[in-house]
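# Commentary on secondary and tertiary structure
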Amino acid sequence: MRPDRLAGAAILLFAAFAIWEDRVLPLGTLAAPGAGMFPLVLALALAGFGVLVFVGSGGEASSFDRREIGRAASILGACAFAALMLERLGYRLTMAAVLIFLLAVVERRRSWPALAVALVLAASSHYLFAGLLRVPLPRGPFGI
């Protein structure tokens, strides 16, 4: 089996597992969704993408570039950093640090534009979630 078909099958299996685990959570209704509604919708979307990867992998096999492993590991490390530091540094500082790293280091963009974009995205996403949607986000040691 080709690697992209194998990846599509793995995505489908993971989505099926998520759907199976979601069965114990109440779905609720569209007007009042329960705890299981959002995970089910995400798992169904993931299953759809798994089907697209599996079916869309016809034709030439995609080439595998070993240099991309370091890039993928960097992105995974940035996600781990965000998960570990969110409570300690707060949302805005953590997201700014992750975005600066992703833009300046991983994507190799110029430093000043990367810094500006990261700060604007961190601040505006905080405003969207904490201000407009009233989602409680962690504050850092400086109240930021």
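These numbers come from a predicted model, not from an experiment.

## Digging into the overall build of the chain
- Along the chain, the regular secondary structure elements total 5 helices and 0 strands.
- Order of helices (α) and strands (β) in the chain, N terminus to C terminus: α-α-α-α-α.
- Expected size for 144 residues packed as a compact globule is a radius of gyration near 15 Å; at 19 Å, the chain overshoots this value by more than 25%.
- Considered along the principal axes of its C-alpha atoms, the chain spans approximately 50 × 45 × 20 Å.
- Residues counted as buried form 18% of the 144 residues belonging to the chain.
- Carbon and sulfur atoms provide 72% of the accessible area of the chain, an area that totals close to 10,300 Å².
- In the chain, 13 side chains carry a positive charge and 8 a negative one; their mean positions are 9 Å apart.

## Regarding the side chain of T94
- By the secondary structure assignment, T94 is in helix α4 (residues 91–106).
- Residue classification places T94 among the buried positions, given a relative accessible area of 0%.
- Beyond its immediate sequence surroundings of up to four residues, T94 is in contact with F81, A82, M85, L86 and L89.

## Brief notes about α4
- Compared with an ideal rise of 1.5 Å per residue, which puts 16 residues at 22 Å, α4 spans 21 Å between its outermost C-alpha atoms and is within 8% of the ideal.
- Those residues of α4 lying buried are Y91, T94, A96, V98 and V106.
- Buried-residue contacts for α4 involve α3 (68–89) and α5 (111–132).
- Of the residues trailing α4, R108 is marked for its positive phi of about 55°.

## Considering the confidence of the model for the chain
- A residue-level look at the chain finds 94% of positions with pLDDT of 70 or above and a mean pLDDT of 89.
- Mean pLDDT across the secondary structure elements of the chain bottoms out at helix α1 (residues 3–22), with 91, and peaks at α4, with 95.

## Re the pattern of salt bridges
- All chains considered together, the criterion is met by 2 salt bridges.
- Between R71 and E68 there is a salt bridge, with its nearest N and O atoms 3.7 Å apart. Placement of both R71 and E68 in helix α3 is noted, with a separation of 3 residues, approximately one turn of the helix.
- Residue classification places E68 among the partly exposed positions, given a relative accessible area of 41%.
- One salt bridge in this structure joins R71 and E107, with 2.4 Å as the shortest N-O distance. Of this pair, R71 sits in helix α3 while E107 is found in the loop between α4 and α5, placing the two residues 36 residues apart along the sequence.
- Take R71: its relative accessible area is 31%, and that puts it in the partly exposed class.

## Description of the side chain of S125
- Take S125: it is sitting in helix α5.
- Here L121 takes part through its backbone oxygen, which lies 2.9 Å from a polar atom of the side chain of S125.

Analysis parameters
Residues numbered from 1 in each chain as written. Predicted model: local features only at pLDDT ≥ 70, side-chain atom pairs only at ≥ 80, totals over all residues. Heavy atoms only, no water. Helix = DSSP H or I, 4+ residues; strand = E, 2+ residues; numbered from the N terminus. Rg over C-alpha atoms; globule rule 2.2 N^0.38 Å. Buried < 20%, exposed > 50% of the residue type's maximum accessible area, 1.4 Å probe, protein only. Areas by Shrake-Rupley, 256 points an atom, 1.4 Å probe, with all protein chains shown as cover. Lys, Arg positive; Asp, Glu negative; His and termini not counted. Charge placed at Lys NZ, Arg CZ, Asp CG, Glu CD. Contact = heavy atoms within 4.5 Å. Expected span 1.5 Å × (residues − 1). pLDDT = per-residue confidence, 0-100. Salt bridge = Lys/Arg side-chain N within 4 Å of Asp/Glu carboxyl O. Polar contact = N/O pair within 3.5 Å; in protein donor to acceptor, adjacent residues only side chain to side chain.

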